[in-house]
Amino acid sequence: MSDVPDPISVAPAERRSGLDRIPTGAKLFLILSAALLPLALIAVVATLQTTRLADSEARARLRIAATESARSIAIELIGDMTALRVAVDALGADPADAPSCARTKGVFAQQASAGARFAITDRRGRLLCGELLPSVRTEDSDLPIDAAIVPDQGVVLSFGEARTDIMARAFFPQQFLRRLGRPTSRATTFASTLVDGGTVLELETIPDDGPLRRMETLRTELGIGGLVLAAQVPSAPITSSLVIALMLPLLMWAAAAGIAWFVVDRLLLRPLRHLRASVAAFTPGQVIDARATSLPAQEIRELGETFKAISQTVAAHEAGLEEGLRRQTKLTREVHHRVKNNLQVISSLIAFHARGARSPDASAAYASIQRRVDALAVVHRHHFAELEEHRGLNLRTMIGELASNIRATASERAQAIGISLDVDAYLVNQDVAVALAFLVTEMIELASSCDPSAQIRVSVKPSDQEDRATLRVVSRALVDGDLLQDLARTRYGRVMEGLSRQLRAKLHHDPLTGAYEIAFAVIGRD
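Residues numbered from 1 in each chain as written. Predicted model: local features only at pLDDT ≥ 70, side-chain atom pairs only at ≥ 80, totals over all residues. Heavy atoms only, no water.

Details of the confidence of the model for the protein
- Mean pLDDT over the protein works out to 79, with 85% of the residues at or above the 70 mark.
- This model gives residues 1-14 a pLDDT under 50, and the stretch forms nine contacts once residues within four places in sequence are excluded. (pLDDT = per-residue confidence, 0-100. Contact = heavy atoms within 4.5 Å.)

Notes on helix α9 (residues 430-450)
- In this model α9 runs 30 Å from its N-terminal to its C-terminal C-alpha over 21 residues, within 8% of the 30 Å that 1.5 Å per residue would give.
- Burial within α9 is extensive, with 16 of its 21 residues counted as buried.
- Between the side-chain oxygen at the start of α9 and the backbone nitrogen of Asp431 there is a gap of 3.3 Å, and the oxygen is on Asn429. (Helix = DSSP H or I, 4+ residues; strand = E, 2+ residues; numbered from the N terminus. Expected span 1.5 Å × (residues − 1). Buried < 20%, exposed > 50% of the residue type's maximum accessible area, 1.4 Å probe, protein only. Polar contact = N/O pair within 3.5 Å; in protein donor to acceptor, adjacent residues only side chain to side chain.)

Observations regarding the side chain of Thr193
- Mapped onto the elements of the fold, Thr193 is located in strand β6 (residues 191-196).
- Residues in contact with Thr193, not counting those within four places in the same chain, are Val200, Leu201, Glu202, Leu203, Val228, Leu229 and Ala230.

Overview of the side chain of Thr121
- Secondary-structure assignment places Thr121 in strand β1 (residues 117-121).
- Look at Thr121 and you get buried, because its relative accessible area is 16%.

Overview of the pairing of strand β9 (residues 228-234)
- When you tally the buried positions in β9, you get five out of seven residues, the bulk of the element.
- Of the strand pairs in this sheet, β6 and β9 are connected by five bridges, and their pairing is antiparallel. Residue Ser192 lies in a different strand from β9, and its bridge partner there is Ala231.
- Where strand β8 (residues 215-221) lies against β9, seven bridges are found, and the strand directions are antiparallel. Looking at β9, one finds that Leu218 is bridged to Ala231.
- Connecting β8 to the next strand, β9, in antiparallel fashion are six residues, including Gly223 with a positive phi near 80°. (Pairing = 2+ DSSP bridges.)

Quick look at the pattern of salt bridges
- Scanning the model with the defined rule gives 12 salt bridges in all.
- The salt bridge involving Glu323 is made with Arg326; its shortest N-O contact spans 2.5 Å. In this pair, Glu323 and Arg326 both sit in helix α6 (residues 298-355), three residues apart, roughly one turn of the helix.
- Accessibility expressed as a relative area gives 45% for Arg326, which makes it partly exposed.
- Glu497 is the salt-bridge partner of Arg501, the closest N and O atoms lying 3.3 Å from each other. Within this pair, Arg501 and its partner Glu497 are both found in helix α10 (residues 482-502), separated by four residues, close to a single helical turn.
- On the basis of relative accessibility, which here comes to 45%, the residue Glu497 falls in the partly exposed class.
- Through salt bridges with shared partners, a single network forms among Asp422, Asp424, Arg457, Lys461 and Arg525. (Salt bridge = Lys/Arg side-chain N within 4 Å of Asp/Glu carboxyl O.)

Let's talk about the packing of aromatic side chains
- All told, the structure shown has three aromatic pairs when counted by the stated rule.
- Considering the side-chain rings of Phe108 and Phe118, the 4.8 Å spacing of their centres and the 35° angle between planes classify their relative orientation as tilted. With a gap of 10 residues between them, Phe108 in the loop between α2 (98-107) and α3 (109-112) and Phe118 in strand β1 connect regions that are remote in the sequence. In this pair, the class of Phe108 matches that of Phe118, namely buried.
- Aromatic side chains Phe172 and Phe176 sit 6.1 Å apart centroid to centroid with 20° between the ring planes, which places their arrangement in the stacked category.
- Among the residues examined, Phe172 registers a relative accessible area of 0% and is labelled buried.
- The structure contains a cluster of three or more aromatic residues connected by ring pairs, namely Phe108, Phe118, Phe172 and Phe176.
- The cationic tip of Arg85 hangs over the ring face of Phe159; the distance from NZ or CZ to the ring centre is 4.2 Å.
- Over the face of the ring belonging to Tyr426 we find Arg525, whose NZ or CZ atom lies 4.6 Å from the ring centre. (Phe/Tyr/Trp six-rings, centres within 6.5 Å; stacked < 30°, edge-to-face > 60°. Lys NZ or Arg CZ within 6 Å of the ring centre and 35° of its normal.)

Some points on the environment of Leu395
- Following the sequence through the fold, Leu395 ends up in helix α8 (residues 395-408).
- The class for Leu395 is buried, based on a relative accessible area of 0%.
- Linking Leu395 and Asp526, residues 131 residues apart in sequence, is a C-alpha distance of 9.5 Å.
- The residues contacting Leu395, other than those within four sequence positions of it, are Gly400, Val423, Tyr426, Val428, Leu436, Val460 and Phe520.

Things to note about the sheet that holds strand β10 (residues 393-394)
- The strand order β10-β12-β17 describes an open sheet built from three strands, whose pairing is antiparallel. Of all strands in the sheet, those with a lone pairing partner are β10 and β17 (524-525), marking the two edges.
- By the bridge criterion, two bridges tie β10 to strand β12 (residues 426-428) in an arrangement that is antiparallel. By the bridge assignment, Asn394 is partnered in β12 with Leu427.

Digging into the nonpolar core
- Membership of the largest hydrophobic core comes to 47 residues, with the highest contact counts inside it found for Leu395, Val460, Leu471 and Phe520.
- Broken down by element, this core gets its largest block of residues, 12 residues, from α9.
- Dropping the residues within four chain positions of it, Leu471 is found in contact with Leu436, Leu439, Val440, Val458, Ser459, Val460, Tyr516, Glu517, Ile518 and Phe520.
- Counting 36 residues, the second-largest nonpolar core is a separate cluster that includes Cys129, Leu157, Phe172 and Leu222. (Core = buried A, V, L, I, M, F, W, Y, C linked by side-chain atoms within 4.5 Å.)

Rendered as structure tokens:
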């Protein structure tokens with residue numbers, strides 16, 4: 001019974017595709033993930049689109065503020081430098097032109113309160129108008145006006161008149177430029193910087209909000225000495241709210257897939273695995289334990305109860321079958337016991353009548369009948385002994401006892417008969433044992449009828465086939481002769497031929513060596 005494969009545990013792997021090898025829980029998780037992931041991605045894209053719209057609005061505000069700031073600074077600086085150029089032209093024609101210098105001072109009067117100053121000098125560095133300014137190195141360029149940034153102070157603009165060698169310079173402080181570049185709308189957080197090559201002058205600053213701050217930058221040329229106004233406004237910051245808004249759809253996607261898998265695994269898959277293990281471990285006579293380790297679905301609970309009820313019914317039927325088998329075994333043993341006893345009674349009655357026989361031929365006939373009854377009794381006795389084990393009858397012990405009975409019941413005329421045995425311990429069923437016992441008895445009886453002092457050798461050895469053995473009876477009394485042929489034709493031959501048909505094999509006779517040989521089926525070795 002243990003050699004029969006379990007139909008539950010044996011899976012037809014050759015019929016399963018790659019997708020079928022994936023556990024149901026994993027397939028459920030993958031399907032839910034594939035179904036919910038597009039929704040999560042749509043939510044993330046919508047959040048990113050909102051951020052892009054905010055960035056677009058910030059860029060629009062920056063463009064407006066930067067244009068306004070650059071225009072204000074450029075108008076003021078160009079106007080002041082135009083006034084200086086008029087003064088330079090006038091002083092180039094008449095260095096003592098005091099009204100021109102006064103007009104220029106009047107132009108710079110308002111800026112002077114914020115720290116703006118100017119100076120007009122001749123070729124020898126003599127101040128013609130304004131006040132002396134600190135010397136600032138400017139790079140040679142082809143621009144009409146040269147610009148130089150004094151770090152953390154301001155901007156110096158200068159130009160020269162080649163014909164008169166008169167130079168004009170103007171200094172505009174940082175605070176003055178900051179006020180000029182400040183947008184009229186203060187609702188926008190705005191940062192601005194004047195850039196001249198690699199030199200920077202900060203006008204407006206924005207507090208640092210951390211490493212996740214994002215800025216929109218726009219550079220606008222002022223058109224004066226290569227100065228550039230770099231304006232910045234903050235974009236939508238990467239805050240914890242934005243991070244949560246981006247991550248929440250993905251977290252909800254993972255949570256929904258995970259929770260669905262967990263619920264299905266707890267309510268369906270794990271109880272089914274437990275129920276399958278209980279059914280796979282089921283053996284007839286036991287009751288399936290359908291109790292689940294977790295809270296299963298109602299349908300699975302009912303399925304488990306159904307399996308439990310079926311196993312209880314099977315166990316009850318198994319118990320009934322076992323009880324019936326025990327009764328049948330007892331009856332069989334009783335039948336064999338009575339058959340054995342009846343055969344012994346028949347053998348005793350034959351012996352009793354043989355002692356009262358009035359002629360040797362009658363006594364010999366009784367003895368012949370008794371030997372055949374004894375042969376059948378030996379088979380029944382051995383079969384009764386092994387009835388519980390069902391291994392089969394051992395030929396060595398059975399033929400040995402049969403030979404002893406034949407020698408014991410031999411007539412006075414055949415007391416010199418000799419029987420030698422060479423029998424391997426083969427096991428046969430009862431039908432084969434009965435046929436072999438009668439066949440051996442007939443052969444020995446035939447040999448003793450031909451020669452009362454015959455020496456007979458009985459052997460059982462392996463055959464050419466694995467599940468068969470060969471019975472061989474050899475005696476000089478069985479060498480071909482008139483007496484042997486007469487006995488075989490009139491008395492023994494028909495019986496031995498019938499027994500060979502019962503063994504489903506042909507009985508071979510070697511007339512030169514005096515051997516009878518037949519193959520028969522065996523069920524094993526002891």
